[in-house]
Amino acid sequence: MINYGKQSIDQDDISAVVETLKSDWLTQGPKVEEFENCLADYCNVKYAIAVSNGTAALHLANLALGVTKKTKVVTTPITFLATANSVVYAGGDPIFSDISNKTFTLDPAKLEEQIKNDQSIRGIINVHLGGNTSNIEEINKIADKYNLWVIEDSCHALGGTWKDKNGILRKVGDCSFSDIATFSFHPVKQITTGEGGAITTNNREIYERLITLRTHGMIKDSSLINNNEGGWYYEMQELGYNYRITDFQAALGIEQLKKSDKWQKMRRHIVSVYDQEFDFLDQITPQNHPDQNLNFSYHLYIIQCEKRLELYNYLKENKINTQVHYIPIHQQPYYKNKFGYEVGDFPNAESYYEKALSLPLYPTLTEVEQERIISIIREFYEKN
Ligand SMILES: Cc1ncc(COP(=O)(O)O)c(C=O)c1O
């Protein structure tokens, strides 16, 4: 069976985990700090905080930016549930804005229109679906104009680079056009720690708040507490969580990160082969991959295709597991019931969903396997 995504684990990864298991630290210890330093270097950002998963990263990001009861945060309906759920966890109201039918990410023009009409919106969560970061600057410009904060949900985009309007090379997660970026290290993502996630920021205050929120809201720094009754003493001044990652997961993350650039090259090659092949197949339109951004870090190869259900089933019969990213969140029963969303609210997202399919994309997908996937798709459309 070929799956749409797959982790790569080698002997160095295994040895690093085993070594940490034999050390004095299992939960948060020196490897977490080392992983955070590696991540901050890799993303070219001041601070990185490793957490238990990408959802926890988003939840803490919302809290650190002040999301509370009824705070309105706008995001795309085409994302994993976690993006919108994280706003609800913090007490806020997720608002959706429709996608571009080329990039399948937030459409800046539509977003601005929406923000103009609802001045109570406080922040934007921009999701780099599949690794596509082409709207970063435009979204940030809108945020500046309306005084909003921006979280980049970069769970699909670790390691990507892009050139800004002034030709400066930027790295995903460097927060040069946002307040916070978040990552997931779930096994299908660019690197894995099993479960795991991280938050990056250049803002010291936000960083310190995140550190506190990650561990129950506990503060030990004597300059920040009201009392100091001894070395054991801590204070909880606001509600926090246990969103810590373990040291052996961090050890895995450190090893995985070393291979991230190599894996991205492999992913980009696979993307370019699919792109070339599908140029000649009318029934398939891939997500837009602009030339100037060849250094996107691709997590998913998303297409729009005719006869999606039949193609999905045909591929499955041929031992190829594809997936749909994603069912529009506003169509989920919970969101319909709680926030009153209806079919027709976001037409681009809805028509995108009808034809969306993610084909296998991971570094160790072989040429032979990719050829097989492509020829089965061709065969399907010849028959149908
Ligand atoms: C866009 C996006 N945001 C957030 C998450 C949540 O990450 P995690 O599964 O690590 O909690 C995911 C995970 O699939 C994701 O794809």
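Caption draft 1: Seen up close, helix 3 (residues 54-64). Here helix 3 lies mainly inside the structure; ten of its eleven residues are buried. Where helix 3 begins, the side chain of Asn 53 points an oxygen toward the backbone nitrogen of Thr 55, at a separation of 3.0 Å.

Caption draft 2: Structural context of the sheet that holds strand 13 (residues 301-305). Across the sheet, which stays open at both edges, the three strands sit in the order 12-13-14 with antiparallel pairing between neighbours. The open sheet has two free edges, formed respectively by strand 12 (284-286) and strand 14 (356-359), since each of these has just one partner strand. Here the strands of the sheet are splayed against their neighbours by 35° on average, with no regard to which way each runs. Note that strand 12 and strand 13 share three bridges and pair antiparallel. Bridge assignment links Thr 285 to a residue of strand 13, and that residue is Gln 304. Against the sheet, helix 8 (residues 247-278) touches strand 12, strand 13 and strand 14, its axis set at about 15° to strand 13.

Caption draft 3: Expanded view of the domain arrangement of the protein. Each assigned domain of the protein is listed here: domain 1 (11-257) and domain 2 (260-383). For domain 1 and domain 2, the distance between their C-alpha centres works out to 25 Å. Taken together, the contact pairs 41 residues of domain 1 with 33 residues of domain 2. Summing the contributions of domain 1 and of domain 2, the shared interface buries around 3,200 Å²; its carbon and sulfur component is 59%. Among the residues domain 1 hides against domain 2, the three largest losses belong to Phe 96, Phe 104 and Gln 190. Together they make up 19% of the total. Viewed at the interface, domain 2 and domain 1 are joined by zero salt bridges. On inspection of domain 1 and its partner domain 2, the count reaches 22 residue pairs in polar contact (both at pLDDT 80 or more). Elements represented by at least two residues in the side of domain 1 that touches domain 2 include exactly helix 4 (81-89), strand 3 (93-96), strand 6 (161-163) and helix 8. Here the side of domain 1 that touches domain 2 is built from residues that sort into 19 nonpolar, 16 polar and six charged.

Caption draft 4: Region of the structure containing the site of the ligand. Lining the immediate environment of the ligand, one finds 16 residues, of which Gly 54, Thr 55, Asp 153, Ser 184 and Lys 189 sit closest. One of the backbone N or O atoms of Gly 54 is found 2.8 Å from an oxygen atom in the ligand. One of the side-chain N or O atoms of Lys 189 is found 2.7 Å from an oxygen atom in the ligand. Notes on the ligand: free accessible area 390 Å², of which the protein chains cover 91%. When atom positions are compared with the pocket grids, the ligand is found to occupy the second largest pocket. Looking at the shell around the ligand, the elements with two or more residues in it are helix 3 and helix 4. Residue contributions to the shell around the ligand peak at three residues, all from helix 3. Tallied by class, residues from the shell around the ligand come to six nonpolar, eight polar and two charged.

Caption draft 5: Up close: the sheet that holds strand 2 (residues 72-75). In space, the seven strands of this open sheet follow the order 1-9-8-5-4-2-3, with mixed pairing throughout. Both outer strands of the open sheet, strand 1 (47-51) and strand 3, are each paired with one neighbouring strand and no more. Ignoring strand direction, the axes of neighbouring strands in this sheet form an average angle of 25°. Where strand 4 (residues 121-127) lies against strand 5 (residues 149-153), five bridges are found, and the strand directions are parallel.

Thresholds, definitions, all that
Residues numbered from 1 in each chain as written. Predicted model: local features only at pLDDT ≥ 70, side-chain atom pairs only at ≥ 80, totals over all residues. Heavy atoms only, no water. Buried < 20%, exposed > 50% of the residue type's maximum accessible area, 1.4 Å probe, protein only. Helix = DSSP H or I, 4+ residues; strand = E, 2+ residues; numbered from the N terminus. Polar contact = N/O pair within 3.5 Å; in protein donor to acceptor, adjacent residues only side chain to side chain. Pairing = 2+ DSSP bridges. Axes fitted to C-alpha atoms, helices over the stretch in contact; angles between N-to-C directions. Contact = heavy atoms within 4.5 Å. Domains from an automatic or database assignment. Buried area = accessible area lost by both parts, 1.4 Å probe. Salt bridge = Lys/Arg side-chain N within 4 Å of Asp/Glu carboxyl O. Nonpolar A, V, L, I, M, F, W, Y, C, P; charged D, E, K, R; others polar. Near = heavy atom within 4 Å. Areas by Shrake-Rupley, 256 points an atom, 1.4 Å probe, with all protein chains shown as cover. 1 Å grid on protein atoms, 1.4 Å probe; cavity = no way out; pocket = protein on both sides within 12 Å on 5 of 7 lines; lining within 4 Å. Sits in = over half its atoms within 2 Å of the grid points.

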